[in-house]
Amino acid sequence: ESGNQMLLAMAGAMSTAELGISLAEMIRRGKLHAISLTGANLEEDVFNLVAHDHYERVPHYRELSAKDEADLLARHLNRVTDTCIPEAEAMRRIEAAVLELWMDADAKGESYFPHEFLYKLLLSGKLEGAYQIDPANSWLLAAAERDLPLFVPGWEDSTLGNMFAAACKRGDVKNVRTMKGGIEYMLRLIDWYQEQTADKGLGFFQIGGGIAGDFPICVVPLIDQDLETPARVWSYFAQISDSTTSYGSYSGAVPNEKITWGKLAADTPKFIIESDASIVAPMVFHYVLSE
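Residues numbered from 1 in each chain as written. Predicted model: local features only at pLDDT ≥ 70, side-chain atom pairs only at ≥ 80, totals over all residues. Heavy atoms only, no water.

Some points on the sheet that holds strand S5 (residues 83-86)
Across the sheet, three strands lie side by side as S3-S5-S4; this open sheet has antiparallel pairing. The open sheet is flanked by strand S3 (56-57) and strand S4 (77-80), the only strands paired with a single partner. (Pairing = 2+ DSSP bridges. Helix = DSSP H or I, 4+ residues; strand = E, 2+ residues; numbered from the N terminus.)

Right, here's the structure in full:
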């Protein structure tokens, strides 16, 4: 019933964990039909693409003192678990490149989604000379080449989201609506979900918790209850999470709870793998690719 269709919801810092090594192949082989993801995961794949050689590894990150962390900041190294992203080589380089696109769209009175600007940047070829990894390992480049539907709720809290806000504050971008936002993403998701599930099911594979998963999964009750239009529930739900379920945990709701919200049915296949996604997700992708 799933029709071999899958939406991936990607939280955490999976791009910096270099999930692109396996995720890009999933996209090229047509195993994924859309991704809902955080703004950090969107941009960090591009940062890795152009600045990988300048990244610093900190395998002893659990032993760092507050002063050690301050020393990293003084060197403009922003830490993600055991990996430090260099501000100048990664963040500012991409800011300079994408700011041109933002300002050009703004001057023309056009508006695009955050991922569409990065698709334009990658497909323009302007960064090709700066690649520091095999481009085959960039999942975002694979997605851009296939115009894969992406949904990036809460993009404003990302590094580039902050930079866009600064560009608006400075006046470099005159119209804040040059960047499309969350409600427009949801409207696109409604249409896309109805098209995809018109004659077959769509499965849901979630990495981690938070908005990357919460945003897309609620499109079903939105269509069914708010728009009062019959909607097919997700045909399966699988999640990799190490979050303990409670009121205060990081989106630790067990799959069965989603039944009461009209997102899943009582007989929907449901799986939760309690482990670290940086280990498990590549294993799951390898299994899917080897079918």
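Quick look at the packing of aromatic side chains
Scanning the entire structure with this criterion turns up 10 aromatic pairs. Plain terms: the ring middles of Phe204 and Phe237 are 5.6 Å apart, the flat faces sit at 25° to each other, and that makes the pair stacked. Placement of the pair is Phe204 in strand S7 (residues 203-207) and Phe237 in strand S8 (residues 237-240), with a sequence separation of 33 residues. For Phe237, a relative accessible area of 0% puts it in the buried group. Positioned over the ring face of Tyr112 is Lys120, at 4.0 Å from the centre of the ring. (Phe/Tyr/Trp six-rings, centres within 6.5 Å; stacked < 30°, edge-to-face > 60°. Buried < 20%, exposed > 50% of the residue type's maximum accessible area, 1.4 Å probe, protein only. Lys NZ or Arg CZ within 6 Å of the ring centre and 35° of its normal.)

Let's talk about the sheet that holds strand S9 (residues 270-273)
Reading across the sheet, the six strands line up as S6-S2-S1-S7-S8-S9 and stay open at both edges, with parallel pairing between neighbours. Sheet topology places strand S6 (150-151) and S9 at the edges, where each strand pairs with a single neighbour. Bridge count between strand S1 (residues 6-10) and strand S2 (residues 34-37): four bridges; the pairing is parallel. Across the sheet, Leu8 pairs through a bridge with Ile35, a residue of S2.

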